[in-house]
Amino acid sequence: MPAAAQRRPRRIARKLAVLGTGAAVLALPLIGATNASAATPTATTAASLGYANNLDGWIRASLQVMADHGIPGSYDGIYRNIIRESSGNQYAINNWDSNAAAGTPSKGLLQVIDPTFMAYHVAGTSYDPYDPVANITAACNYAAQRYGSIDNVFGAY
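Anyway, here's the lowdown on the structure attached to this text. (Residues numbered from 1 in each chain as written. Predicted model: local features only at pLDDT ≥ 70, side-chain atom pairs only at ≥ 80, totals over all residues. Heavy atoms only, no water.)

**Here's the deal with the overall build of the chain**
Note the cut-off: A run of DSSP states H or I qualifies as a helix once it reaches four residues; a run of E qualifies as a strand once it reaches two. Both are numbered from the N-terminal end. Relative accessibility thresholds used throughout: buried, under 20% of the residue-type maximum; exposed, over 50%; partly exposed, between the two (1.4 Å probe, protein chains only). Only heavy atoms matter for contacts: two residues are in contact if any of them lie within 4.5 Å across the pair.
Counting its secondary structure elements, the chain contains six helices and two strands. Across the chain, helices and strands are ordered from the amino to the carboxyl terminus as α-α-α-β-α-β-α-α. Burial status across the chain gives 34% buried among its 157 residues. Taking contacts inside the chain between residues at least 6 apart in sequence as the whole, the part at least 24 apart equals 49%.

Laid out in structure tokens, this is it:
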């Protein structure tokens, strides 16, 4: 068999191998995206910890997360401040004070502004300031750093 005829099958095999590899490389981001989103951790919620999706459950779930992170606070201290700040409305927003005028309104159950929420966010909770567990836990973390505990807060903070 002539040498040119022997090279042709090798070239075809090489081209098929390169094409196959290229197709696999192009498919990897699609496969990886599916696997990556499946591996994304979910945020702690009252329901994920076995509590009701209401004010009582949100406070109890937050207390559990706080205990895991060494953040002090009591049910009564959290409840008292929530009622004063938002009357228990997780979507409460203050659009009238100096923070709102500066473009950073207070949000959520414990009326936290976004920069404070992000600075005192607790790992494992949502990054949504309207999420009840995330809002309570971040606010209690802030109060602990500033006042020793949410239990020591009796007015706007």
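**Structural notes on the side chain of His121**
Inclusion rule: Here a polar contact means two N or O atoms within 3.5 Å. Within protein one must be a hydrogen donor candidate and the other an acceptor candidate, and residues neighboring in sequence count only if both atoms are side-chain atoms.
Residue position: His121 is located in the loop between helix 5 (114-119) and helix 6 (132-147). By relative accessible area, His121 is classed as buried at 14%. A polar contact is formed between the side chain of His121 and the backbone oxygen of Ser126, at a distance of 3.1 Å. Look past the residues within four positions of His121 in its chain and what remains in contact with it is Ser126, Tyr127, Ala138 and Asn141.

**A word on the packing of helix 2 (residues 55-68) against helix 3 (residues 75-86)**
Between two packed helices, what matters for the description is the angle formed by their axes and the separation of those axes. Convention followed: The convention used is that axes are lines fitted to C-alpha atoms, helices contributing only their stretch in contact, and that angles between N-to-C directions extend from 0 to 180 degrees. Between 65 and 115 degrees an angle is taken as roughly perpendicular, under 35 as roughly parallel, over 145 as roughly antiparallel, and anywhere else as oblique. For a crossing to be left-handed, the near helix must be turned anticlockwise from the far one by less than a right angle; the clockwise case is right-handed. Gly counts as polar in this scheme, as do all residues outside two lists: the nonpolar Ala, Val, Leu, Ile, Met, Phe, Trp, Tyr, Cys and Pro, and the charged Asp, Glu, Lys and Arg.
Following both chains from N to C, one finds helix 2 and helix 3 inclined at 130°, their axes separated by 10 Å at the closest point. By the criterion of interaxial angle, the relationship of helix 2 to helix 3 is oblique. Handedness of the crossing formed by helix 2 with helix 3: right-handed. Facing Leu55, Asp56, Ile59, Arg60, Leu63 and Met66 of helix 2, the residues of helix 3 in contact are Tyr75, Ile78, Tyr79, Ile82 and Ile83. Grouping the amino acids of the contact of helix 2 with helix 3 by side-chain chemistry returns nine nonpolar, no polar and two charged.

**Some points on the environment of Val112**
Inspection of the secondary structure puts Val112 in the loop between strand 2 (106-107) and helix 5. Between the C-alpha atoms of Val112 and Ile93, which are 19 residues apart in sequence, the distance is 9.2 Å. What Val112 contacts, discounting residues up to four positions off in sequence, is Pro105, Ser106, Lys107, Phe117, Asn135, Ala139 and Tyr157.

**Topic: the side chain of Ser62**
Here Ser62 is to be found in helix 2. The contacts of Ser62, once residues within four sequence positions are left out, are Pro132, Val133, Ile136 and Thr137.

**Quick notes on the packing of aromatic side chains**
Our working rule: Ring geometry is summarised as follows: Phe, Tyr and Trp rings, the Trp one being its six-membered ring, pair when their centres sit within 6.5 Å, and such pairs are stacked at plane angles under 30 degrees, edge-to-face over 60 and tilted between the two.
Evaluated as defined, the whole model comprises four aromatic pairs. For the ring pair Tyr75 and Tyr79, a centre distance of 6.4 Å and an interplane angle of 10° mean the geometry is stacked. Here Tyr75 pairs with Tyr79, and both are found in helix 3, just four residues apart, close to one helical turn. Classification of Tyr75 by relative accessible area gives partly exposed; the value is 24%. Taking the relative accessible area as the measure of exposure, Tyr79 reaches 39% and is therefore partly exposed.

**Section: the environment of Pro72**
Locating Pro72 in the fold gives a position in the loop between helix 2 and helix 3. Separated by 69 residues in the primary sequence, Pro72 and Asn141 have C-alpha atoms spaced 8.0 Å apart. When neighbours within four sequence positions are excluded, Pro72 is seen to be in contact with Met66, Ala144, Gly148, Ser149 and Ile150.

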